[in-house]
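What follows is each chain in one-letter form.
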Amino acid sequence: MDLEYELIIPELALAGFAVLIGASALMFRQIKQEVWGYLSALGLLVLLVLTAVFYMNENDDFANVLAIDNFTNLFRVFFLAIAFFATISGIQYAGDRLRNHGEFYALILLATVSMMTLAASRELITAYISLEVMSFSFYILVGFNKLNPFSNEGSLKYMLLGGFSSALFLYGLSMLYGITGTTTYSGIEPDGIEAGRNIAAQLANFSATTIDPELPIPADVRPGMIIAMVLIVAGLGFKVSAVPFHQWTPDAYQGAPLPVTLFLSAAGKAAAFAFFLRLFSEALLPAAAEWVWLVAIIAALTMIVGNVMAIQQTNLKRLMAYSSIAQVGYLLIGIVALDAPSLTQSQDAATALVLHLIGYVATNILVFTALTAFYNRTGRDDIIDLRGLAERQPYLAFLFSIGLFSLAGMPLFAGFATKFILFQVAFNNDFLWLGAMGVTASFVSLYYYLNVIKQMYLYEPEGEGEDSAKFSIPLPLAGSLTVLAGAVFLLGLFPAPLFKAIDDSTRLLFPGL
Amino acid sequence: MFGELLLVLLLIPGGTAVLGLLVPGRYGNVHRGMSLVGSFMMLGVSVYLFAMYDYGEGGLQFDLQYAWIENVGIFKENGISLHLAIDGISAPLVLLNGLVAFAGTLISWKIAHRPKDFFILFNVLVAGVFGVYVAQDLFFWFFFYELAVLPMYLLIVVWGSTNKEYGAMKLMLMLVGGSVLVFVGIFAVFTEAGLGTFDMPLLREVEFGKGFATTFFPFFAIGCGVLAGLFPFHTWSPDGHVAAPTAVSMLHAGVLMKLGAYGIIRLGIEILPAGTDLWMPVILVLGAIAAIYGAMSALHQTDLKFVIGYSSVSHMGFVMMGLGTMNTIGVNGAVLQMFSHGVMTALFFAMVGSVYDQAHTRDINAFGGIIRRMPLFVIFFGLAGLASLGLPGLSGFVAEFHIFVGTVPVFPLFAAVGILSAAITATYILRLLGRMALGPLNERWVDLREISRWELAGGLTLLAPIVAMGVWPAPFVDRIAVSVLELPGVEAIGGALANLPVVRG
């Protein structure tokens, strides 16, 4: 078989770059450590531009395991951008608090490679391996601040629970293989020819009559599939931190170095959702009746638990952890809404999901970068420590407020427009109760976001001297914060071009369309 | 006609806010000046729009439409568009916002604490309110509706007084909680219509079934009703108004509460007319309860701002009564009352602010005889009060007369309740004036100074329309009546009544 290696040059280049950074950092120990950070950021930026330019409108397939289409490319660019912002926000932080910067950046780059292959996978084993490479990079990154007990605790919890959930997930995949006899998502090649055995076709053709008619279950529900789906959803639920598989999230978020928290909450979530979306639309859509109830219940629980727990938090990182759990609930609505009367409507759900994902991630990076800038200066991350920030650093307080208002779904910002479209799709696809629940949940979230904003604007700075002095933000952080705030405004005020691009890319996830 | 004017109306406050971001905070006067110039331009544009609205023709005018998202995903033709237009109902409300925003800027000249942030948020608030009155697309309508609520929290918490943390959080959560219902209603309408568009003129042509309309009408009516102070969802209003700084109270009681009543007309009556049969009488009854309950509560209060706050609840109750009649005279009266109450309550709050800044108390019983020190204050406050109790010759009379005339044929009992609460209004306003302004001068207040030039200018801006509408209501009635007649389900009554001088001008 001829393998067209030119299709996966971005992944190969990035993997090579990661090894290069890691190895040269070991070899050239006399070079200033922060060079590796700037070098990684530069490399990511160059690769981002080249990928965006050269792989536009590609629609091909690498060895029948990686789809190189617009969907993949959208996420390639997206992950590279997230990694870029994570690296920028990491430079000062790592300089102050971490050792061995080369390895740190190399791990970020490696995780990015695996995310890119994860979004591209159209075969279970490739997807699983990508997911594991990503998770392993994260286990190490979360514990990278190895002299800090919180960092170790978070890493250990994350790894133990992560390993357990991976096992469940793999078991689910093996059951799926047992039912369908294949690991390929969908058989339709880019050139439109039906090829080989594949999951989608097997699930669609599965004859309901093979079930014992005496069993008290609906005719389109297969017991084996139910078990497989429970295991798969549990595994994926862990990766996206959906309730009740969310327990690791607050500890990992709090313990991890801040740039890693940023990367984990933004890229980790985005990659898991890209995988979730491709798997559930390309392969498992014909079996929608067997998973939709499960995902719907999890989505509802995630929204409720995330928001209710967030109200009680006093630590900003933990607050953001629970807030990100709540946001996962909204995103899961998009997965549920894939189960629609027509394929066009399923595609609407996929489009809305990706749009909201991008809007949410941009906002989340903004908040975490702002938090990093604050933490670099003060070394504190409790909500109450933000007191008087509007006096000490008005620009940072302004950006924080933008981010938090956007997360709460207020207009002008990304959160409003993207959430509006996502909930509308839920209504359109007959999940009225879930959409209404999402609206209510995001109303509850306003309360805890306002409490953070209140600390910044209502109170005077506390403490004396250094603790209440004005301070400035270093240029790289200020620059990336400004770009991110611009993106949040742009997505809120003019999302049409991105929406169109996403709509074009998600069409490829529904081969029958 | 020049639809671009409506866009200009949004761009002026928006642009002022963006410019404000760029100017450093230490130049307080630059921020004040920019805001003043901006709000003066807005006033000019809104007066022009009001004057040029052609009531002979009626319907939507100054129509302007830019596609925002269409033919992608769930959106079809005209999916979401920035569709701006005004009709005879929104024209006076646009004018109202122009007047109150200008007066509010004048009154806020004295704000010394972080003027930069204040004026940025103030302009965002004004832009949001203008947006709601001119948007003809459900997405943007709701966008602006939320935008108007967005800056409230910070405005109250940073610049407010008296229990501000509680008042601000309560206000914010109740208003956004109400908009959850509106949110759900909008989604349901979009899905039920199945046109893939949020364009309001197109949705108005859809005939929603009786069952659907009856189910979702309360989502709009209660959701918007929270903002309009609909009983029993009015409790944020007195607390919020007391906590808010002067200019924000003015905009809030003067304009923002009207957004709610306006929403009931735009979303409820216009889009779901089949739901009005069942629900509008309920609104009328709740309005009558709010009218009498607000008036009774105002009677008990000793804090000046609480008196005005409860009086707002009572007057918004009249608006709800007018809407609930579902006949031309009553609905006309409701819109007239929205305008009249807007300018009058803004004038109230402006004057209360000026005395509170000097006296640092708002306890009515602590004052006495201040007419000897602040005659202008008493004149403005007194005229606002007289308008509020419905003295002929001022705006309140025209509006309340319409509402009562409209209510008598449908619910005579509740018309009586309304008239009774107007009488109670007279009691508390006159008692208030008597305690504060007249009698011997309390020694504590010999140092009180007259209101400043800025407050005088703001007061005159607001007093002019009160008197104008009182003596010559025709320009208002002409514009409102033509659009009220076009509302679905509103019964044209009148006959002889329609030819009364006060109705025809």
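Residues numbered from 1 in each chain as written. Chains lettered and ligands numbered in written order. Predicted model: local features only at pLDDT ≥ 70, side-chain atom pairs only at ≥ 80, totals over all residues.

Participant: Please provide a residue-by-residue account of the overall build of chain A, values included.
Facilitator: What chain A contains, in helices and strands, is 19 helices and 2 strands. Relative to a compact globule of 513 residues, whose C-alpha radius of gyration would be 24 Å, chain A shows 22 Å and is just as compact. With the C-alpha coordinates of chain A rotated into their principal frame, the extents come out at 75 × 50 × 40 Å. Put simply, chain A has 513 residues, and 61% of those count as buried. Across chain A, contacts joining residues at least 24 apart in sequence account for 79% of those joining residues at least 6 apart. (Helix = DSSP H or I, 4+ residues; strand = E, 2+ residues; numbered from the N terminus. Rg over C-alpha atoms; globule rule 2.2 N^0.38 Å. Buried ≥ 20, exposed ≤ 12 C-beta atoms within 10 Å, placed from the backbone. Contact = placed C-beta atoms within 7 Å.)

Participant: Lay out the overall build of chain B in plain terms, naming residues and giving numbers.
Facilitator: Counting its secondary structure elements, chain B contains 20 helices and 2 strands. Here the C-alpha coordinates of chain B stretch approximately 70 × 55 × 40 Å along the principal axes. Split into buried and exposed, the 505 residues of chain B put 63% on the buried side. Taking the intrachain contacts of chain B between residues at least 6 apart in sequence as the baseline, contacts between residues at least 24 apart amount to 82%.

Participant: Give a detailed account of helix α19 (residues 474-486) of chain B, specifying residues and quantitative values.
Facilitator: Spanning 13 residues, α19 of chain B covers 19 Å between terminal C-alpha atoms, matching the ideal 18 Å at 1.5 Å per step. What α19 of chain B keeps buried is the set Phe476, Val477, Arg479, Ile480, Ala481, Ser483 and Val484 of chain B. (Expected span 1.5 Å × (residues − 1).)

Participant: Any chance you could break down the interface of chain A and chain B for me, citing the residues and the numbers?
Facilitator: At the interface, 29 residues of chain A touch 26 residues of chain B. Of all the secondary-structure elements, those providing two or more residues to the side of chain A that touches chain B are α13 (343-378), α16 (414-428), α17 (432-458) and α19 (496-506) of chain A. In the side of chain A that touches chain B, the residues fall into 20 nonpolar, 5 polar and 4 charged. (Nonpolar A, V, L, I, M, F, W, Y, C, P; charged D, E, K, R; others polar.)

Participant: Could you give me a rundown of unusual backbone geometry, with the residues and numbers involved?
Facilitator: Here the amide bond leading from valine 243 of chain A into proline 244 of chain A is cis, since omega sits at 5°, within 30 degrees of zero. For proline 244 of chain A, the position within the fold is in the loop between α8 (223-240) and α9 (248-255). The omega torsion of the bond from phenylalanine 231 of chain B to proline 232 of chain B falls at 0°, within 30 degrees of zero and hence cis. Even without glycine at this site, histidine 360 of chain B takes up a positive phi of about 55°.

Participant: An account of the packing of helix α9 (residues 210-227) of chain B against helix α12 (residues 276-300) of chain B is needed here, citing residue identities and associated values.
Facilitator: Residues and elements named next belong to chain B. Packing of α9 against α12 leaves a shortest axis separation of 9 Å and a crossing angle of 35°. The two elements α9 and α12 meet at a crossing, and its hand is right-handed. Here α9 contributes Thr214, Phe217, Pro218 and Ala221 to the contact with α12, which in turn contributes Thr276, Leu278, Trp279 and Ile283. Taken together, the residues of the contact of α9 with α12 break down into 6 nonpolar, 2 polar and no charged. (Axes fitted to C-alpha atoms, helices over the stretch in contact; angles between N-to-C directions. Left-handed = near helix turned anticlockwise from the far one by under 90°.)

Participant: Break down helix α1 (residues 9-27) of chain A for me, citing the residues and quoting the values.
Facilitator: All names here are of chain A. Compared with the 27 Å implied by 1.5 Å per residue over 19 residues, the 26 Å span of α1 between its first and last C-alpha is a close match. When we look at burial in α1, the residues that qualify are Pro10, Glu11, Leu14, Phe17, Ala18, Ile21, Gly22 and Ala25. Along the axis of α1, the buried residues cluster in a sector spanning 125°; they form a single face. Facing away from the buried side of α1, by more than 90 degrees, are the exposed residues Gly16, Ala23, Leu26 and Met27. At its buried positions, α1 is contacted by α2 (34-54), α3 (70-97) and α4 (101-120). (Arc of directions from axis to C-beta.)

Participant: Go over the environment of proline 245 of chain B, please, and point to the residues and values.
Facilitator: Residues and elements named next belong to chain B. Relative to the elements of secondary structure, proline 245 occurs in the loop between α10 (236-243) and α11 (246-271). For proline 245, a count of 23 C-beta atoms within 10 Å corresponds to the buried category. Considering only alpha carbons, one finds proline 245 and isoleucine 156, 89 residues apart in sequence, at a separation of 6.4 Å. Excluding its chain neighbours within four sequence positions, the residues that come into contact with proline 245 are Leu155, Trp159 and Gly160.

Participant: Describe in detail the confidence of the model for chain B, supporting the description with residues and values.
Facilitator: Residues and elements named next belong to chain B. Averaged over chain B, the pLDDT score is 87; the fraction of residues at 70 or greater is 97%. Note that pLDDT drops below 50 for residues 499-505; the model gives that stretch 12 contacts with residues more than four away or on any other chain. Per the prediction output, this complex has pTM 0.92; the corresponding ipTM is 0.89. (pLDDT = per-residue confidence, 0-100.)

Participant: Tell me about the packing of helix α15 (residues 375-388) of chain B against helix α17 (residues 412-437) of chain B, residues and numbers included.
Facilitator: Residue and element names in this part refer to chain B. At a closest axis distance of 9 Å, the pairing of α15 and α17 adopts a crossing angle of 170°. Put simply, α15 runs roughly antiparallel to α17. Crossing of α15 over α17 shows left-handed handedness. Residue-level contacts link Val378, Gly382, Gly385 and Ser388 of α15 to Thr425, Ile429, Leu433 and Ala437 of α17. Of the residues that constitute the contact of α15 with α17, the class distribution is 4 nonpolar, 4 polar and no charged. (Parallel < 35°, antiparallel > 145°, perpendicular 65-115°, else oblique.)

Participant: Before we move on, could you go through the environment of phenylalanine 138 of chain A and cite the residues and values that matter?
Facilitator: Residue and element names in this part refer to chain A. Position of phenylalanine 138 relative to the elements: it lies in helix α5 (residues 124-142). Along the backbone, phenylalanine 138 and phenylalanine 499 are 361 residues apart, and their C-alpha atoms lie at a distance of 30 Å. Sequence-distant contacts of phenylalanine 138, that is, excluding residues within four places in its chain, are made with Ala111, Leu264 and Gly268.

Participant: Could you give an account of the environment of glycine 131 of chain B, naming the residues involved and the relevant values?
Facilitator: All names here are of chain B. Summarising the element assignment, glycine 131 is placed in helix α4 (residues 115-134). Spatially, the C-alpha atom of glycine 131 lies 19 Å from that of leucine 19, the residues being 112 residues apart in sequence. When residues no more than four places from it in sequence are discounted, the contact partners of glycine 131 are Leu10, Phe140, Phe144 and Leu147.

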